[in-house]
Every structure is written in structure tokens, then in C-alpha cells.
Amino acid sequence: MTPHPRARVTVDGKFFRLDGRKFHPKGVTYGPLTPDSLGNHFTNREITARDFLQICSLGANLIRVYHVPPRWFLDLALEHGLRLLVDVPWNRNLCFLDSVESRETALQTVRKAARDCAAHPALFALSVVNEIPADVVRWSGSANVENFINRLVQASKSEDAELLCTFGNFPTTEFLRPDSIDFHCYNLYLHERQPFENYLARLQMLTETKPLILGEFGVDTLREGESTQAEILTWKIESAFRGGCAGVVVYSFTDEWWNSGRQILDWAFGLTRFDRSPKASFDAVRDCYKVAPWFPLPSTPLVSVVVASYNGAATLKSCLQSLENLNYSDYEVLLIDDGSTDATPSIAATFPRVRTLRHVVNKGLGFARNTGIEAATGEIVAFTDSDCRADEDWLYYLVGDLLRSRFTGIGGHNFLPPDDSPTAAAVMMSPGGPAHVMLTDRVAEHIPGCNMAFYRWALQEIGGFNPIYRRAGDDVDICWRLQQHGYRIGFSPAGFVWHYRRNSLTAYLRQQSGYGEAEALLEQRHPENFNRFGGSMWQGRIYTSARIGVETRRPVIYHGMFGSAPFQSIYTRDTSLTLIIGTSLEFHVLVTTPILVISAVVPFVWTLGLVSLLFSLTLCITAACQTKLPRNRCRFWSRPMVAFLFFLQPIVRGWARHRGNLLDRQRPLSTRETLNSLSLVDREEALQVLLYWAEKGLDRMRFLQRMLARLDALGWQNKPDAGWSPFDVEIYGSRWARLQVLTAVEYHEGNRQMLRCRIRSQWSSFALVIFASIGGGELLFIGVVSRLQGLAPIDPFSTLPTVSRFLHHWPWLILLSLWPLAWKLNHAQRELHRLVVAFLDDCAKEFSLVRTSKPTIDG
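This is a predicted model, so every value here is computed, not measured. (Residues numbered from 1 in each chain as written. Predicted model: local features only at pLDDT ≥ 70, side-chain atom pairs only at ≥ 80, totals over all residues. Heavy atoms only, no water.)

**Some words on the overall build of the protein**
For clarity, the threshold we go by: Helix numbers and strand numbers start at the N terminus; a helix is a DSSP run of H or I with at least 4 residues, a strand a run of E with at least 2. The contact criterion used throughout is that any non-hydrogen atoms of two residues lie within 4.5 Å. A 1.4 Å probe and the Shrake-Rupley method give the accessible areas. Residues count as covered only by the protein chains that appear here.
Looking only at helices and strands, one finds 26 helices and 32 strands in the protein. In the protein, 74% of the contacts between residues at least 6 apart in sequence involve partners at least 24 apart. Accessible surface, the protein as shown: approximately 38200 Å² in total, 57% of it carbon and sulfur.

Okay, structure coming up:
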């Protein structure tokens with residue numbers, strides 16, 4: 001279909017659209033050609049028209065030029081169905097930020113270029129600068145250069161608000177990432193396939209949610225030869241599009257190249273020679289452009305797309321419509337109506353190609369997805385949600401990346417839809433949204449449930465989703481379980497979905513409460529992935545629009561010696577965890593609240609409580625100020641709303657998480673009693689260190705693995721050492737106590753070994769919080785009563801008679817109630833200790849170990 005002649009290209013997720021259809025730039029660079037006597041690089045309309053016809057025969061739809069073209073050139077390009085990527089030439093080889101005149105010249109040049117090309121439909125985008133030298137950037141500072149590029153973009157958009165803008169980057173300054181550009185454009189000259197594809201994967205991580213175009217890549221035929229040029233350009237174009245690039249531009253159309261006031265004769269990058277006769281690479285690129293961007297997949301296995309929906313009628317129609325028009329040849333769509341009470345059944349009935357399975361009552365997200373797996377007939381099962389709208393190439397990229405790898409599962413981005421509200425945009429920038437966690441540029445630790453696909457055999461092997469996850473957490477659990485089985489999960493940067501966010505504060509906080517409940521369940525089954533306070537611990541980097549922490553330091557840039565490295569990489573520092581700690585529920589409960597309680601007894605302490613509260617509020621405001629809100633959906637209230645949600649979300653989610661742990665019915669310790677454990681009730685011997693003799697040798701790792709297997713079989717919640725802990729395993733026997741076991745093996749004469757087991761039991765974090773809360777409440781009571789009596793809270797030198805002083809200070813006696821509570825907690829600790837000793841004795845018997853009280857035995 002021919003686009004409307006006045007239509008303009010727009011950004012659409014990781015790609016572009018033109019008149020409602022996807023537009024994939026397939027281009028060549030053009031010029032600079034030999035100028036005329038007046039210095040014009042666009043001289044002859046007849047020659048230009050002939051060149052355009054040859055470019056069109058190549059299958060190209062875009063031309064990159066390095067000077068601002070006249071209107072006739074734009075009109076002629078439009079007549080031939082070509083779009084232009086225009087580089088604005090100004091002297092970027094100077095330390096331009098040191099000169100007011102240089103800065104103003106650049107701004108005026110870019111503004112004039114935008115004005116001259118304004119609103120012309122042939123204009124694809126304006127590149128405000130191309131390849132700023134690395135030493136100039138290092139001299140001026142990367143942040144200052146980024147800010148100036150932003151100013152150049154703003155100057156362009158002041159002339160044409162709908163104009164797409166970018167700048168020509170290259171590996172030497174890959175660390176430049178100005179916020180205001182609409183897409184990223186990289187010039188990349190790598191002639192080996194694997195390094196090229198590896199660097200593309202890195203660029204996709206750097207560009208994150210914006211489209212990526214390779215603005216220049218080519219091969220010099222004088223040095224490499226014409227056949228080598230054809231071969232390299234063939235795999236480069238294919239690799240670029242398979243890797244999720246939105247478009248490519250081959251350098252260049254012709255060997256004719258005018259630079260620095262002269263004709264360049266010792267380079268020949270053209271697809272055609274100086275006289276426009278085609279080289280072998282011309283046909284090679286033409287063949288690639290005929291197929292691009294949809295190069296054939298290795299195979300097209302049947303994919304079952306599963307959509308689990310509970311009362312999702314508001315967005316279900318949009319979701320199913322997008323799934324009916326996927327660019328993939330063999331797939332089925334299964335809608336699992338999980339007991340919806342809204343219009344979901346009637347909407348589903350209007351889509352006859354969608355197979356609908358309905359639960360009579362709501363059974364939860366994990367159960368619904370298992371229903372989809374059981375009904376699926378595809379080799380691959382893909383999952384999305386009813387509040388998502390899939391990009392038409394979603395399955396093409398997701399399945400393609402899965403088939404070309406050794407991954408068992410794969411996921412991708414989830415973007416805010418263009419038609420979503422400003423409230424939803426603020427919610428997207430608030431903490432707790434769906435995000436992917438990356439271990440490398442390709443390997444993921446976690447992929448969000450709204451965009452993921454797995455081989456069906458792998459899901460069946462691990463038993464599918466755990467149905468206890470009713471509202472959330474099933475995606476985290478499935479990723480962790482697959483990785484525990486030795487499988488890897490990948491990430492497809494181009495396989496994305498549009499994900500509608502919660503459209504009100506109430507809906508957002510309800511969602512975060514559900515996430516907190518899911519975290520409580522996840523902690524019980526994957527304690528090794530959580531810290532002591534119940535917060536999840538990730539090995540990889542979290543990629544999300546929201547701030548994870550407050551940025552206190554800029555990323556580190558490797559410039560190489562004297563700034564000469566050809567690939568100057570950026571290494572993003574982890575954001576300060578101060579935001580996570582200072583706004584958490586635990587901080588409010590364990591720091592701010594106790595200080596305020598103590599101030600009831602010691603009045604001057606209230607100022608510290610106020611400082612603690614202001615500290616949390618300041619962190620939230622700072623995070624909101626650092627948030628990069630979408631320009632077209634940013635309102636005056638957006639940042640205050642984000643700050644407010646940064647304050648509320650950790651409290652709501654944290655309370656839901658701890659509430660889940662509090663309400664979870666722990667198995668009573670009495671049910672774990674055995675004859676062995678009962679025999680230890682009245683024994684007073686010290687059981688902190690257990691000694692076991694092995695007469696025939698012992699493999700300590702086998703012993704620990706068997707111990708963990710028995711703990712899991714008996715339903716004992718445990719946390720094995722992940723490589724960083726000072727213990728081998730931590731056991732959670734009850735709500736009130738936990739215990740750590742550390743082992744070591746001694747080698748003695750006669751090939752005998754002694755296994756040492758050190759056991760350290762202590763109160764659980766929950767027990768400490770309860771004890772501290774009751775103690776704090778009693779202190780608050782003492783302070784209030786003392787003030788009502790008109791006395792200073794603490795006055796040990798009072799001259800009142802003894803009886804009178806006792807009557808006035810009787811509230812302090814309430815602290816004695818902490819003693820029976822401490823006795824109860826210590827008793828629970830001792831009981832757990834005794835049961836674990838009996839458990840270790842049973843494990844030792846399996847290995848024919850004999851417990852002894854002697855640390856050594858004479859030879």
C-alpha cells in the first residue's frame with residue numbers, strides 16, 4: 001500500500017509508523033557529492049532523479065544526506081517514495097562548548113535547517129550532529145554535551161514540533177544518551193559477525209525503550225574487495241533486522257565522495273562506482289532489502305498464546321484484536337476466563353477464532369495459566385495479559401530469538417500505550433511496575449508475565465505454574481524454578497507489547513498490595529532470594545522506567561588511555577539503595593516510629609523523629625525530580641503524584657508482604673516431634689556443636705544436599721547458602737525462631753573423619769519486631785501517663801517520699817511484662833534447636849555417622 005503523500009513518520013515503540021503501517025528504514029547514504037561553483041552539493045535535478053531511480057531499484061526507502069537539501073530535492077524524493085535523514089553540518093570538531101559564538105552558531109544552524117525542511121513529508125528525521133570527537137566530549141564533559149544536544153533538539157522542535165530528531169553516535173561515544181532524541185542512530189563499522197551481533201545486543205540495552213537505527217555501516221572495496229563487501233553487507237543487514245533494529249543505512253550509494261574540500265579517491269565504500277555502475281554488493285543489498293525486515297525464521301513451530309483474564313473487559317477487546325493480526329504463520333489464541341463477572345464472556349464471543357475456556361469461579365492467575373498450558377497444542381506457549389496489546393511482530397521476534405538460541409524461555413519489553421492517560425504515565429514512573437532483570441545483554445534473570453514465552457515441554461517438566469499465586473508472583477516463581485533446573489531465559493528487545501497501566505491511585509495501590517502478598521509466598525518457597533526483611537535480591541540489573549534508587553553518582557565511562565579507546569563503554573552504577581531503605585515500611589517501623597515513641601519519655605528526641613520523617617520525604621521528592629516523565633503526558637501534578645506514590649508504595653506493599661507472613665499458618669513444632677527429639681527434652685548437655693564420626697569417609701557436599709532434600713520433603717522452610725553467607729543453611733522452624741547450621745570436616749588418622757555441625761538459634765526477625773513493638777508501646781504508655789501526672793518522665797533524684805515516688809512511677813512496672821514474652825520466645829528458640837538436633841541425628845544415621853561428645857580421639 002502506498003502511504004498518503006502528506007503522511008509523516010512517527011515513533012511506535014521500538015519501530016516507526018507511516019500512515020498507520022510500520023515503516024522500516026532501508027537506506028543508503030548519498031553524498032556529499034562534488035559541489036558546483038557556488039558550493040552546492042545538490043546541483044543537478046536530472047542526475048539526482050536518475051540516482052533516485054537507481055536507489056529505488058535497490059529497494060531502499062530512505063536516503064541519508066549530510067547537508068540540508070533544498071525544497072526541490074525534498075519534493076523529488078517524495079515523488080520517488082523516498083524519505084530523508086538529514087544531517088545538519090556544523091563544526092563539531094571544535095571544543096564548541098567553550099565558545100558562546102560556536103554554541104550559538106550551532107543552534108542557529110540547526111534551527112534554520114528545521115525551518116527550511118519544516119513539515120515536509122519527505123523528511124524522516126533531522127540529525128542535529130554527527131560523530132562528536134571523543135576527546136572533545138571528554139574535554140567538555142559528557143553531561144554538558146548531552147545537555148547541548150538536548151538544546152539542539154529543542155531548537156529543532158521549536159520550528160516543527162512533530163519533527164523526529166536524533167544525532168549520529170558511534171562506539172567511541174556510546175555513553176552519550178540525551179533524553180530528548182526520538183530514536184538512537186549509531187554508525188558501526190565491525191567486519192566480524194559475532195562481535196557485530198554482540199555489540200548490537202549491547203546497543204539494544206543502552207537504547208532501552210527507543211528505536212535503534214544503524215545510521216552507517218559499510219565496507220571499503222579498495223581494501224576488502226567487492227565480493228567481500230557483498231558478503232559482509234548481506235549478513236550485516238540480516239543480523240541488524242533480526243537483532244531488532246528499526247532500520248539500517250548502508251554507507252554508501254556511490255564511490256563519489258567529496259570531503260574536506262577535495263574528491264576522496266583512496267576510499268570506495270559505494271554500492272556503485274563513480275560512474276554509477278553497480279558492484280556485486282548492489283545486488284546483494286537489493287536481495288536483502290526485498291526480504292527485510294522479515295527474514296525467514298529457522299522454523300515456525302505452532303505457538304499457543306494464552307491470555308488469562310479476570311474482569312478485564314475494559315481492555316480485552318483491544319488485546320484480542322491485536323492477537324488476531326500477528327505477523328506469524330502458525331499460532332492459536334486461548335482466552336482463559338477466570339470466573340469473570342463483567343462483560344468478558346460477551347466480548348470473547350465476538351472473536352470466533354479465539355478458543356475460550358471459562359472457570360465457573362475465580363481460581364487465580366497461576367491456575368488459569370495452567371489451564372492454558374493443558375489446553376495448548378503448540379510447541380511454544382506464549383503469555384500476555386488482557387490489559388496488553390501485542391505489537392504485530394511480537395511473535396516473529398520472540399520466537400525467532402528463542403529458536404536461534406539455547407534459551408528455554410524468552411521475554412521482552414512492555415511499553416506504555418500512546419493512548420494511555422497522564423495518570424497511567426505517572427503510575428508507570430512509580431515503583432513496583434513490571435520489569436525485566438538482565439544478567440547480561442541477552443540473558444535474563446526475570447521476565448514479566450505480560451510478555452513471556454516458554455517451550456511447553458519445559459513448563460510441563462517443572463509442573464507448570466504454582467496455583468498458590470493468585471494475583472501475581474507466578475512469573476517470578478516460574479523463572480526461578482526454570483533456572484534452578486539449569487535452564488536459561490533470554491530477552492528479545494524487539495518482541496514487545498503495549499501494557500496499559502493502572503489508571504487510578506486506588507487501582508495502583510491495590511496492585512502493589514497484591515504484589516506484596518505474592519512476595520510473602522515467594523519468600524517461603526525461595527528464601528535464598530530474599531533478605532532478612534523480606535525484600536527480594538536480584539543478581540542482575542533491573543530495567544524499568546521507574547527509579548529503583550536515588551542517583552548520587554554518574555555512570556563510569558571507560559575512555560581508554562588518554563581517551564583513545566575505540567569503544568568507550570559506559571558502566572551504569574547501581575543507584576543508591578538509600579531510597580529503598582529510607583522509604584521502606586521497615587524503616588518507618590524500626591527507625592522513625594521508635595524515635596517518636598521514645599520522645600514521649602525523652603522529649604528532646606522528637607526532633608530526631610522529625611528529621612527521620614523528613615529524610616524519607618526528601619528521598620521521595622528527589623526520586624520524583626529525577627524521573628523522566630513522557631513529555632506529551634506530563635502535567636503540573638505528575639511529579640507530586642510520583643513523589644506521593646514513592647512514599648505510599650513501599651508501605652502498602654511492605655505491609656501486604658509482612659501481613660502474608662503473619663497470617664501464614666506455620667506448622668506447629670509439636671507436629672515435628674520424633675522419638676529422637678522427645679528423648680532430648682530433659683537432656684541438659686550443650687548442643688551448640690554436634691560431632692559425628694565417619695569411619696569410612698564422608699562427602700560433606702553429599703551430606704548437605706541430602707539434608708536440604710530432607711528439609712524440603714518434610715516441609716521445613718530453609719535458605720541454603722548462595723555463596724555469601726557464613727552458614728550452610730538457615731532453617732525457619734516457626735514464626736518465632738530461626739536457626740543456622742554450619743558444617744566442617746576434620747581428617748584424622750586411619751582415614752577417619754569427624755563432621756562438625758555448629759548450630760546457632762536466635763529469635764526470628766518477626767519475633768524481634770513484636771518484642772520491640774510491645775516494648776515501644778509500653779514506653780509510649782509510660783510517657784503519656786507520666787505527663788498526665790505532671791511529672792518529668794525520668795527523675796531519679798526526686799525528693800518525694802518513697803511511697804509517693806512509687807505511686808508516681810508505677811507505670812514503669814509494666815515493663816516487667818516483657819520478661820514472660822522473652823521467656824516464651826527463648827522457649828520457642830530452644831524447642832527449634834532441639835528438633836534440629838534430632839533432625840541432624842537422623843541425617844547422620846543415613847550416612848552411618850556416630851555422634852560423640854569428644855572433639856578428638858587418640859590415635
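**With respect to the packing of aromatic side chains**
The condition is simple: Centres within 6.5 Å are what make two rings of Phe, Tyr or Trp a pair, Trp counting through its six-membered ring; a difference in plane orientation under 30 degrees is then read as stacked, over 60 as edge-to-face, and the rest as tilted. The classification of residues rests on relative accessible area computed with a 1.4 Å probe and restricted to protein chains. Under 20% of the type maximum is buried, over 50% is exposed, and intermediate values are partly exposed. In this analysis the charged atom, NZ for Lys or CZ for Arg, is taken to sit over a ring once it is within 6 Å of the ring centre and within 35 degrees of the ring normal.
Taken as a whole, this structure holds 35 aromatic pairs when the rule is applied. Relative to Phe 530, the ring of Trp 480 has its centre 6.0 Å away and its plane inclined at 90°; by these criteria the two rings are edge-to-face. You can see Trp 480 sitting in helix α16 (residues 474-484) and its partner Phe 530 sitting in the loop between α17 (505-525) and β24 (541-543), a full 50 residues away along the chain. The two residues Trp 480 and Phe 530 agree in class, both being buried. The structure contains a cluster of three or more aromatic residues connected by ring pairs, namely Phe 15, Tyr 396, Tyr 397, Phe 415, Phe 496 and Trp 498. For the cation-ring pair, Arg 369 lies above Phe 465, with the distance from its terminal atom to the ring centre recorded as 5.9 Å. Note that Arg 541 overlies the ring of Tyr 543, its terminal NZ or CZ placed 4.6 Å from the centroid.

**Let's talk about the sheet that holds strand β6 (residues 83-87)**
Our working rule: Note on pairing: two strands pair once DSSP finds at least 2 bridges between them. Under this scheme, a helix contributes an axis fitted over its contacting stretch, all axes are lines through C-alpha atoms, and angles between N-to-C directions fall in the 0 to 180 degree range.
Around the barrel, which closes on itself, the eight strands sit in the order β4-β5-β6-β7-β8-β9-β10-β11 with parallel pairing between neighbours. Geometrically, the sheet is characterised by an average inter-axis angle of 25° between neighbouring strands, direction not taken into account. Pairing of strand β4 (residues 26-29) with strand β11 (residues 247-250) involves three bridges; the strand directions are parallel. Bridging across to β11, Lys 26 finds its partner in Val 248. Those strands touched by helix α8 (residues 226-242) are β4, β10 (212-217) and β11, and its axis lies near 160° from that of β11.

**Some details on the nonpolar core**
What counts, and what does not: The set of buried Ala, Val, Leu, Ile, Met, Phe, Trp, Tyr and Cys residues whose side-chain atoms join them within 4.5 Å is what this entry labels a nonpolar core.
Formed by 159 residues in total, the largest nonpolar core has its most connected members in Phe 124, Leu 214, Ile 237, Leu 323, Trp 394 and Leu 395. Look past the residues within four positions of Leu 323 in its chain and what remains in contact with it is Val 305, Val 307, Tyr 331, Val 333, Thr 384, Ala 390 and Trp 394. Formed by 28 residues, the second largest nonpolar core is a distinct cluster that contains Leu 687, Leu 832, Leu 835 and Leu 849.

**With respect to α17**
Test applied: Take the number of residues in a helix, subtract one, and multiply by 1.5 Å to get its expected span.
With 21 residues, α17 should reach 30 Å at 1.5 Å per residue; the first-to-last C-alpha distance of 31 Å fits that figure. Where burial is concerned, most of α17 is hidden: 15 out of the 21 residues are buried.

**With respect to unusual backbone geometry**
Looking along the chain, the bond that leaves Gly 31 and enters Pro 32 is cis, with omega of 0°. Mapped onto the secondary structure, Pro 32 falls in the loop between β4 and α1 (45-57). The residue after Ala 292, namely Pro 293, is reached through a cis peptide bond having omega 5°. With respect to the helices and strands, the residue Pro 293 is situated in the loop between α9 (280-291) and β14 (303-309). Residue Asp 19 is not a glycine yet carries a positive backbone phi of 55°. Relative to the assigned elements, Asp 19 resides in the loop between β2 (15-18) and β3 (21-23). The phi dihedral of Arg 276 falls on the positive side, at around 75°, and the residue is not glycine. The topology assignment puts Arg 276 in the loop between β13 (262-263) and α9. Looking at Arg 276, the relative accessible area reads 15%, which means it is buried.

**Observations regarding the pattern of salt bridges**
Pairs may arise between side chains of opposite charge once their charged atoms sit close together. The cut-off we apply is this: Each salt bridge in this description consists of a side-chain nitrogen of Lys or Arg and a carboxyl oxygen of Asp or Glu lying within 4 Å of one another.
In this structure the tally under the stated criterion is 41 salt bridges. Between Arg 223 and Asp 220 there is a salt bridge, with its nearest N and O atoms 2.2 Å apart. Among the ionic pairs, Arg 657 bridges to Glu 519, the shortest N-O distance being 3.2 Å. Taken together, the positions of Arg 657 in helix α21 (residues 638-663) and Glu 519 in helix α17 put the pair 138 residues apart, joining distant regions of the chain. The exposure classification of Arg 657 matches that of Glu 519, with both residues buried.

**Section: helix α20 (residues 606-626)**
The condition is simple: Within this analysis, the arc is defined by the directions that extend from the helix axis to the C-beta atoms.
Relative to the 30 Å expected for 21 residues at 1.5 Å per residue, α20 spans 30 Å between its end C-alpha atoms, a close match to the ideal helical length. Within α20 the residues assigned to the buried category are Gly 609, Ser 612, Ser 616, Leu 619, Cys 620, Ala 623 and Ala 624. In a view along the axis of α20, the buried residues occupy a sector of 135°, so they form one face of it. Exposed positions of α20 whose direction lies more than 90 degrees from the buried face are Val 611 and Cys 625.

**Quick word on a nonpolar patch on the surface**
Under the convention used in this document: Candidate patch residues must exceed 30% relative accessible area and have no salt bridge, after which like charges are joined if within 9 Å and Val, Leu, Ile, Met, Phe, Trp or Tyr side chains if within 5 Å.
A contiguous nonpolar surface patch, about 440 Å² in accessible area, is contributed by Trp 606, Leu 610, Leu 613, Leu 614 and Leu 617. By relative accessible area, Leu 614 is classed as partly exposed at 44%.

**Considering the packing of helix α6 (residues 193-207) against α8**
What counts, and what does not: Here the angle decides the label: under 35 degrees means roughly parallel, over 145 means roughly antiparallel, 65 to 115 means roughly perpendicular, and every other value means oblique. A clockwise turn of the near helix away from the far one marks a right-handed crossing, whereas an anticlockwise turn of less than a right angle marks a left-handed crossing.
Put simply, α6 and α8 touch, their axes get as near as 10 Å, and they point 25° apart. Classified by the angle between their axes, α6 and α8 sit roughly parallel to one another. Once α6 is placed against α8, the crossing between them reads as right-handed. Counted together, Arg 193, Phe 196, Glu 197 and Leu 200 of α6 and Trp 235, Lys 236, Glu 238, Ser 239 and Ala 240 of α8 form the full contact between these two elements.

**Notes on the sheet that holds strand β27 (residues 689-694)**
Reading across the sheet, the six strands line up as β28-β29-β30-β31-β27-β32 and stay open at both edges, with antiparallel pairing between neighbours. Both outer strands of the open sheet, β28 (717-720) and β32 (850-852), are each paired with one neighbouring strand and no more. On average, adjacent strands in this sheet sit at an angle of 25° to one another, irrespective of strand direction. Here four bridges tie β28 to strand β29 (residues 729-732), and the two strands are oriented antiparallel to one another. Bridging from a neighbouring strand, Lys 719 pairs with Glu 730 of β29.

**Things to note about the pairing of strand β5 (residues 62-65)**
Heads up, the rule is: Every crossover in which the path from the first strand over the helix to the second runs clockwise, viewed with the strands pointing away from the viewer, is termed right-handed.
Covered by surrounding structure in β5 are Leu 62 and Arg 64 together with Ile 63 and Val 65, the residues of both alternating faces. As judged from the three bridges shared by β4 and β5, these two strands associate in the parallel manner. Following the sheet pairing, Gly 27 is matched in β5 by Leu 62. Handedness of the β-α-β unit built from β4, α1 and β5 comes out right-handed. Pairing between β5 and β6: four bridges, direction parallel. When the sheet's bridge partners are listed, Val 65 is paired in β6 with Val 86. Crossover β5 to β6 through helix α2 (residues 71-79) is right-handed.

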